[in-house]
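Structure at a glance
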Amino acid sequence: VDFSKEENRTKALKNAVVLVQQKRYMLAASFYIIAGQLTQAVSICFKNLHDYQLAVLVTAVNKDPSLRQQCLKELWKNRILSIANGADDCWLRSIARWHLGELRNAALTLFRTQT
C-alpha cells in the first residue's frame, strides 16, 4: 500500500481511531505514524501506553526535521521534565535539561533536589 497517497493515509487514520476506541494503543500509534500524524502517535505513547521512551523514539525517527524538533522539545520540556520533577529523579531531570540545551542547569540539577 502506498501511504504517500492521501486516500491511503485517510484509511490509516480511520483505522487508528478505531484502534484507540478498542484500546489497542500500540497498533493505534503505528497507524497514526503511517497516516503521518506524529503528534497523535506520540500522545498515544505517552498518555495511553505510559511510555515516554517510546514517545521519544517515535519522534526521533520522524523524517520531518522541523516537526521532529518541535515534538522533541515539547516532550522534554512539558512532559518528561514534569515526570522527573514529580518523581524527584535528578538523572532524568538532568537529561531533559541537556536535551533542551540547558547545559548548566543539566549539571546543576544533579546537585540540587529540584531546579
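Residues numbered from 1 in each chain as written. Predicted model: local features only at pLDDT ≥ 70, side-chain atom pairs only at ≥ 80, totals over all residues. Heavy atoms only, no water.

Describing the side chain of Thr59
- The residue Thr59 is located in helix α4 (residues 52-60) in this model.
- You can call Thr59 buried: its relative accessible area is 0%.
- Aside from chain neighbours lying at most four places away, what touches Thr59 is Leu38, Val42, Arg68, Cys71, Leu72 and Leu75. (Helix = DSSP H or I, 4+ residues; strand = E, 2+ residues; numbered from the N terminus. Buried < 20%, exposed > 50% of the residue type's maximum accessible area, 1.4 Å probe, protein only. Contact = heavy atoms within 4.5 Å.)

Some details on helix α1 (residues 6-21)
- Helix length check: α1, at 16 residues, gives a terminal C-alpha distance of 23 Å against a target of 22 Å (1.5 Å per residue), a fit within 8%.
- Of all the residues in α1, the buried ones are Asn8, Ala12, Ala16 and Leu19. Seen along its axis, α1 keeps its buried residues to an arc of 85 degrees; they face one direction. The outward face of α1, more than 90 degrees from its buried face, is lined by the exposed residues Glu6, Glu7, Lys14 and Gln21.
- Lining the buried residues of α1 we find α2 (25-34).
- Directly after α1, the chain includes Lys23, whose backbone phi takes a positive value near 60 degrees. (Expected span 1.5 Å × (residues − 1). Arc of directions from axis to C-beta.)

In short, shape yes, function no, at least from these values alone.
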